[in-house]
Amino acid sequence: MTIMHIHAIPAFNDNYIWILQPKDSTQCVIVDPGDAQPVMKFLAEHQLTPAALLITHHHHDHTGGIQALTDRYAMPVYGPAEEDISGVTDKLRGGDSLPLTVLNLTFNIIDCPGHTNGHIAFYSAPLLFCGDTLFSAGCGRMFEGTPEQFIKSLRRFKALPDETLVYCAHEYTAANLEFAKAVEPDNQAISSHQQWVAERRQANEITVPSTLRLERKINPFLRCHLFSVQQSAQRYAQTSLADEVEVFACIREWKDNF
Ligand SMILES: [Zn+2]
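In every chain, residue numbers begin from 1 and rise along the written sequence. The predicted origin of the model limits local features to residues at a pLDDT of at least 70 and limits the giving and counting of side-chain atom pairs to 80 or more, whereas totals for whole chains, interfaces and linings rest on all residues. Calculation of side-chain values draws on the structure's entire complement of heavy atoms; hydrogens and water are dropped beforehand.

> Got a minute to help me understand the coordination of the zinc ion in this structure?
By definition of the ideal shapes, four donors in a tetrahedron about a metal sit 109.5 degrees apart, and six donors in an octahedron sit 90 or 180 degrees apart. Nitrogen, oxygen and sulfur within 2.8 Å of a metal are treated as its donors, or within 3.2 Å for sodium, potassium and calcium (Na, K, Ca); water is not counted, so a site can appear incomplete. Protein-derived coordination of the zinc ion comes from H57 (NE2), H59 (ND1), H115 (NE2) and D132 (OD), at a distance range of 2.1 to 2.3 Å. Given four donor atoms and angles of 90 to 167° at the metal, the environment of the zinc ion is assigned as irregular. Here the donor residues for the zinc ion map to a single chain with the spacing H-x1-H-x55-H-x16-D. With H57 in the loop between β4 (49-54) and α2 (60-63) and H115 in the loop between β8 (105-111) and β9 (120-124), this pair connects stretches of sequence that are 58 residues apart. Type-normalised accessible area, obtained with a 1.4 Å probe on protein chains alone, sets the label of each residue: buried when under 20%, exposed when over 50%, and partly exposed for intermediate values. H57 sits in the buried class, given a relative accessible area of 0%. Donor angles set the geometry label: tetrahedral for four donors if every angle is between 85 and 135 degrees, square planar for four and octahedral for six if opposite donors exceed 155 degrees and the others are between 65 and 115, irregular for anything else. The helix count covers DSSP runs of H or I at least four residues long, the strand count covers runs of E at least two residues long, and both are numbered beginning at the N terminus.

This is how it looks when you write it as structure tokens:
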């Protein structure tokens, strides 16, 4: 893989718009441009021209900048086949390959419904752009999908290597860790990561990308198969939960009310 800079552009309260720029190139690719204004500013400052937009799902904080950016720059907009998103020119579904010569890499498309019904992720080892499906220490709200779908989506991510870099779209890590700690009070990996995150935030630094290696240790939504998480979920639900899907549904609801 070409040496690449990956810039995080903060947008709204806590979104990150990712910009991928091969070293020494004046071109770039933008993931989920929810707001054109900070992106335009970044492009001007760094004298970059975007060559493509990648869209993970239909929510406005991921798509709101498509129109203004494509008015200004002629380029393809790649997005999910199962969602109706204005401005998307090329529709992708799970299993598709997306070669991007400007980046000298090929993204594999992973279907990951749950947060929304047609959500997709872009994966090219070790990079994973997973939108609002997986966050550091958490996952997206289940707006459209079912627990069965969501667990299946997370399993697809869990099948990726430990070294995978999780480029999620929000800075939710600190709040997610608070919840993770409530689910697993004795999990030392959560406590020590909480400390690191607190220091980073104090210094105005971002806490992503994360790695799958770390997420496997701290993210309750990737740990629904474990006894500790199941026990805790059962205590919250005050009933026994039969399987991973029921545990996931329970802690997703618990987090919504946390
Ligand atoms: Zn969303």
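There's plenty left to go through after this.
> Help me understand the packing of helix α5 (residues 173-183) against helix α6 (residues 188-202) in this model?
Two quantities define a packed helix pair, namely the angle between the helix axes and the distance between the axes. Simply put, an axis is a line fit to the C-alpha atoms, just over the touching stretch for a helix, and the angle between two N-to-C directions goes from 0 to 180 degrees. It is at 10 Å that the axes of α5 and α6 come closest, and there the two elements cross at 160°. What the angle tells us is that α5 and α6 run roughly antiparallel. Between α5 and α6 lies a crossing of left-handed hand. For the pair α5 and α6, contact is made by T173, A174, L177, E178, A180 and K181 and by I190, S191, H193, Q194 and V197, respectively. Residue polarity follows a fixed list, in which Ala, Val, Leu, Ile, Met, Phe, Trp, Tyr, Cys and Pro are nonpolar, Asp, Glu, Lys and Arg are charged, and the others, Gly among them, are polar. Across the contact of α5 with α6, the residue classes tally to five nonpolar, four polar and two charged. An angle below 35 degrees is read as roughly parallel, one above 145 as roughly antiparallel, one from 65 to 115 as roughly perpendicular, and any other as oblique. A crossing counts as left-handed when the near helix is turned anticlockwise from the far one by less than a right angle, and as right-handed when that turn is clockwise. Only heavy atoms enter the contact rule, under which two residues are in contact if any of them lie within 4.5 Å.

> Is there a simple way to explain the sheet that holds β4 in this structure?
Each strand in a sheet pairs with another by means of backbone hydrogen bonds, the pair being arranged parallel or else antiparallel. Spatial ordering of the open sheet is given by β1-β2-β3-β4-β5-β6, a layout of six strands whose pairing is mixed. The strands lining the two open edges of the sheet, one partner per strand, are β1 (4-11) and β6 (90-92). Between one strand axis and the next, the sheet turns through 25° on average, direction left out of account. Note on pairing: two strands pair once DSSP finds at least 2 bridges between them. When strand β5 (residues 77-80) meets β6, the two strands line up parallel, connected through three bridges. Each residue of the ladder has a partner; that of G79, found in β6, is K91. Packed on one face of the sheet, helix α1 (residues 36-46) meets β1, β2 (15-22), β3 (27-31) and β4 and runs near 140° to β1.

> Quick question: what am I supposed to make of the nonpolar core here?
Here is a general trend for soluble globular proteins: nonpolar side chains tend to be buried in one another's company. In this text, buried Ala, Val, Leu, Ile, Met, Phe, Trp, Tyr and Cys residues form a nonpolar core when linked through side-chain atoms within 4.5 Å. Formed by 55 residues in total, the largest nonpolar core has its most connected members in L100, F107 and F157. It is helix α9 (residues 244-256) that contributes the most residues to this core, six residues altogether. Ignoring anything within four residues of it in the chain, the contact list for L100 reads V29, A52, L54, Y78, L105 and F107. Counting 20 residues, the second largest nonpolar core, distinct from the first, contains V39, L43, L69 and Y73.

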